[in-house]
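A closer look at the structure
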Amino acid sequence: FCAKVSERAMGQEVMESLTPAQQVVKIVNEELVALMGGSEAARLNIKNKGQTVIMLCGLQGSGKTTHAAKLALMLKNQNHRPLLVACDIYRPAAIDQLKVVGAKAGVPVFERGTQNPVKTAKEAIRNAKDYGNDVVILDTAGRLHIDEELMDELKNVKAEVEPNEILLVIDSMTGQDAVNVAKSFNEKLEISGVILTKLDGDTRGGAALSVKAVTGKPIKFAGTGEKLEDIEVFHPDRMASRILGMGDIVSLVERAQEQYDEEEAKRLQKKIAKNQFDFNDFLSQIAQIKKMGNLKELASMIPGVGKAIKDIDIDDNAFKSIEAIIYSMTPEERSNPAILNGSRRQRIAKGSGTNIQEVNRLLKQFDQTRKMMKMVTGSKMGKMMPKLKR
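For every chain, the first residue of the written sequence is number 1, and numbering continues from 1 onward in sequence order. In view of the model being predicted, local features appear only for residues whose pLDDT reaches at least 70, and side-chain atom pairs are presented and counted only at 80 or more, with totals across whole chains, interfaces and linings using the full set of residues. By convention in this description, side-chain values take in all heavy atoms of the structure and omit both hydrogens and water.

**Some points on the overall build of the chain**
Secondary structure elements follow DSSP: runs of H or I of four or more residues count as helices, runs of E of two or more count as strands, with numbering from the N terminus. When its secondary structure is counted, the chain shows 19 helices and eight strands. Residues classed as buried in the chain amount to 44% of the 390 residues present. For the chain, contacts bridging at least 24 residues in sequence account for 72% of all contacts bridging at least 6. Split by element, the accessible area of the chain, about 20,800 Å² in all, is 52% carbon and sulfur. Exposed residues in this analysis have more than 50% of their type's maximum accessible area, buried residues have under 20%, and partly exposed residues fall in between, with area computed by a 1.4 Å probe over protein chains only. In this analysis, two residues are considered to be in contact whenever any of their non-hydrogen atoms come within 4.5 Å of each other. A 1.4 Å probe and the Shrake-Rupley method give the accessible areas. Residues count as covered only by the protein chains that appear here.

**Considering the pattern of salt bridges**
We define a salt bridge as a contact between a side-chain nitrogen of Lys or Arg and a carboxyl oxygen of Asp or Glu at a distance within 4 Å. Scanning the entire structure with this criterion turns up 13 salt bridges. Here Lys 220 makes a salt bridge to Glu 165, at a shortest N to O gap of 2.8 Å. Taken together, the residues span a long stretch of sequence, with Lys 220 in strand β7 (residues 219-223) and Glu 165 in strand β5 (residues 165-171) at a distance of 55 residues. In this structure Lys 220 comes out as buried when scored by relative accessible area, which is 6%. Judged by its relative accessible area of 1%, Glu 165 falls in the buried class. Three or more residues are tied together by salt bridges with common partners; here these are Arg 8, Lys 26, Glu 30 and Glu 31.

**Topic: helix α3 (residues 64-77)**
Since the α-helix packs 3.6 residues into each turn, any two residues three or four apart lie on the same face. Over its 14 residues, α3 extends 20 Å from the first C-alpha to the last, a length consistent with the 20 Å expected when each residue adds 1.5 Å. Among all positions in α3, only Lys 64, Thr 65, His 67, Ala 68, Ala 69, Lys 70, Leu 71, Ala 72, Leu 73, Met 74 and Leu 75 are buried. One or two steps after α3, the chain reaches Asn 79, where phi turns positive at roughly 70 degrees. Take the number of residues in a helix, subtract one, and multiply by 1.5 Å to get its expected span.

**Some details on the pairing of β7**
Within a regular beta strand, the side chains point alternately toward one face of the sheet and then the other, so they alternate between its two faces. Taken across its five residues, β7 has five buried, putting it largely inside the fold. A pair of strands is labelled paired if DSSP reports no fewer than 2 bridges between them. Note: β7 against strand β8 (residues 231-233), three bridges, orientation antiparallel. Across the sheet, the residue bridging to Phe 221 is Val 233, located in β8.

**Some words on the nonpolar core**
The tendency in soluble globular proteins is for nonpolar side chains to be buried side by side. Residues belong to one nonpolar core when they are buried, are Ala, Val, Leu, Ile, Met, Phe, Trp, Tyr or Cys, and are joined through side-chain atoms within 4.5 Å. Core analysis: the largest hydrophobic core is formed by 45 residues, its most contacted members being Cys 57, Val 85, Leu 138, Leu 154, Ile 170 and Phe 185. Beyond its immediate stretch of four places on either side in the chain, Val 85 contacts Leu 98, Phe 110, Thr 120, Ala 124, Val 136, Ile 137, Leu 138 and Asp 139. Formed by 25 residues, the second largest nonpolar core is a distinct cluster that contains Leu 56, Val 135, Ile 137 and Ile 231.

**What about the sheet that holds β5?**
Either a parallel or an antiparallel arrangement is found when strands of a sheet pair, and the pairing is made through backbone hydrogen bonds. Taken together, the eight strands give an open sheet; going across it, the order is β3-β2-β4-β1-β5-β6-β7-β8, and neighbouring strands pair in mixed fashion. The open sheet has two free edges, formed respectively by β3 (109-110) and β8, since each of these has just one partner strand. In this structure, strand β2 (residues 82-87) lies alongside β3, joined through two bridges in parallel fashion. Its bridge partner being in β3, Leu 84 is matched across the sheet by Val 109. On top of the sheet, helix α4 (residues 94-105) reaches β2, β3 and β4 (135-140); it is set at about 165 degrees to β2, its chief contact. Throughout, an axis means a line fitted to C-alpha atoms (over the contacting stretch in the case of helices), and angles, computed between N-to-C directions, take values from 0 to 180 degrees. In the packing of helix α7 (residues 177-189) onto the sheet, the strands contacted are β1 (52-57) and β5, and the crossing angle to β5 comes to about 160 degrees.

**Some thoughts on the environment of Lys 212**
On the secondary structure map, Lys 212 appears in helix α8 (residues 206-215). Judged by its relative accessible area of 23%, Lys 212 falls in the partly exposed class. Between the alpha carbons of Lys 212 and Val 194 there is a distance of 8.8 Å; along the sequence they are 18 residues apart. Those residues in contact with Lys 212 that sit more than four places away from it in its chain are Leu 35, Met 36, Gly 37, Lys 217 and Pro 218.

**Let's talk about the environment of Gly 113**
Structurally, Gly 113 is set in the loop between β3 and α5 (117-131). Judged by its relative accessible area of 25%, Gly 113 is partly exposed. The sequence separation of Gly 113 and Ile 95 amounts to 18 residues, and the corresponding C-alpha distance is 7.6 Å. Contact partners of Gly 113, with chain neighbours within four places excluded, come to Ile 89 and Ile 95.

**Some points on helix α17 (residues 342-352)**
Of the positions making up α17, those classed as buried are Ile 348, Ala 349 and Ser 352. Relative to the axis of α17, the buried residues are bounded by an arc of 100 degrees and lie together on one face. Among the exposed residues of α17, those oriented more than 90 degrees off its buried face are Ser 343, Lys 350 and Gly 351. The first or second residue beyond α17 is Gly 353, which carries a positive phi of 70 degrees. Here the arc refers to the directions that run from the helix axis out to each C-beta atom.

**Looking at the packing of helix α2 (residues 20-35) against helix α9 (residues 236-243)**
At a minimum axis distance of 8 Å, the contact between α2 and α9 shows a crossing angle of 135 degrees. It follows that α2 is oblique to α9 by the angle criterion. In this structure, the crossing between α2 and α9 has a hand that is right-handed. For the pair α2 and α9, the contacting residues are Asn 29, Leu 32 and Val 33 in the first and Pro 236, Asp 237, Ala 240, Ser 241 and Ile 243 in the second. Asp, Glu, Lys and Arg are counted as charged, while Ala, Val, Leu, Ile, Met, Phe, Trp, Tyr, Cys and Pro are counted as nonpolar; the rest, among them Gly, fall into the polar class. Looking at the contact of α2 with α9, its residues break down into five nonpolar, two polar and one charged. Each angle is binned into one of four classes, with values under 35 degrees roughly parallel, values over 145 roughly antiparallel, values of 65 to 115 roughly perpendicular, and all other values oblique. Left-handed is the label given to a crossing in which the near helix is rotated counterclockwise from the far helix by less than a right angle, and right-handed is the label when the rotation is clockwise.

**Notes on unusual backbone geometry**
Even without glycine at this site, Asn 79 takes up a positive phi of about 70 degrees. As for its placement among the helices and strands, Asn 79 is situated in the loop between α3 and β2. With relative accessibility at 72%, the residue Asn 79 sits in the exposed group. Look at Glu 190: it is not a glycine, yet its phi comes out positive at around 60 degrees.

**Topic: the environment of Lys 350**
Here Lys 350 lies in helix α17. Judged by relative accessible area, Lys 350 falls into the exposed class, the value being 73%. In the structure, Lys 350 is positioned 25 residues away from Ile 325 in sequence and 9.3 Å away in space, judged by C-alpha atoms.

So, in structure tokens, the structure goes:
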């Protein structure tokens, strides 16, 4: 990688519009993208007819069970009917954990207790055919270290059910050890792709740099948090931008779109235009922001902000005191903030465990926000918004 960057940087003519430093960053960015798989994201191999079998493998503690449910929820939201299969009969409570996360995702779980995992996998596919499940996700056993017994079992499962995808789940926090794990699993099982977990931490995806280069297999998904919704398709170009601290505005917009309700937006726009935006609307907007994920991670996706907030602790509970103040209001006060006089504000401060200054500050900020929103909606930009949404 370094040799390629050096070769291009030394021999490259500097573009008129860029400084030499910017040109080097451009070269590094392009080579990072190439190293991690090119500009196109790798997709799952989903069959048009019949059952698609996805086998998850990896070391113990890498997050296989959780990411089986994450993947199932993602596929369910894409109008598939996934079935989770408990093939880990060794780790205590592994089957119970899969049932719990499966229930949260609203996806059925097939299990046969401590029965041979090969037999369980085979029966699960028959069950999927009978009940119309088009995707079968096998949660296989892991070990603390790679051993022959584990690999033999995984090879037997592979031979019996012939999975369409074998996805290796790797903890990105393990650094370059992740590369050795990927290499070993690929040599034994011929994996088709990788799920890289814990990319919401400070690792910046260092392991992602080497996995594709060493195995030749693409990183297909990235786990970006603890919630079941925190999984996304891996885009090498976006990851390169994050590694270089350049933000990832495309992923930020996609997350916003997932939470975006067009009808709600139209209703809100009418209320703003009439200066009727109230604390009930404010609460619903806070809920949508919180659904998008970790605040520091969201802020880091904005170009130029990532480096600035690197050492700043952004509290995910920042909205709690605001919500407490609003929930301490009566329904009438939330709908009509103009009636909030001194005595009402004192009562709200006591009820929310805050002080009068915090209540006054929120009301002032809310009033300023409402005025600003009305100005934007009334301007030409506001008139353009419906067109932009389309």
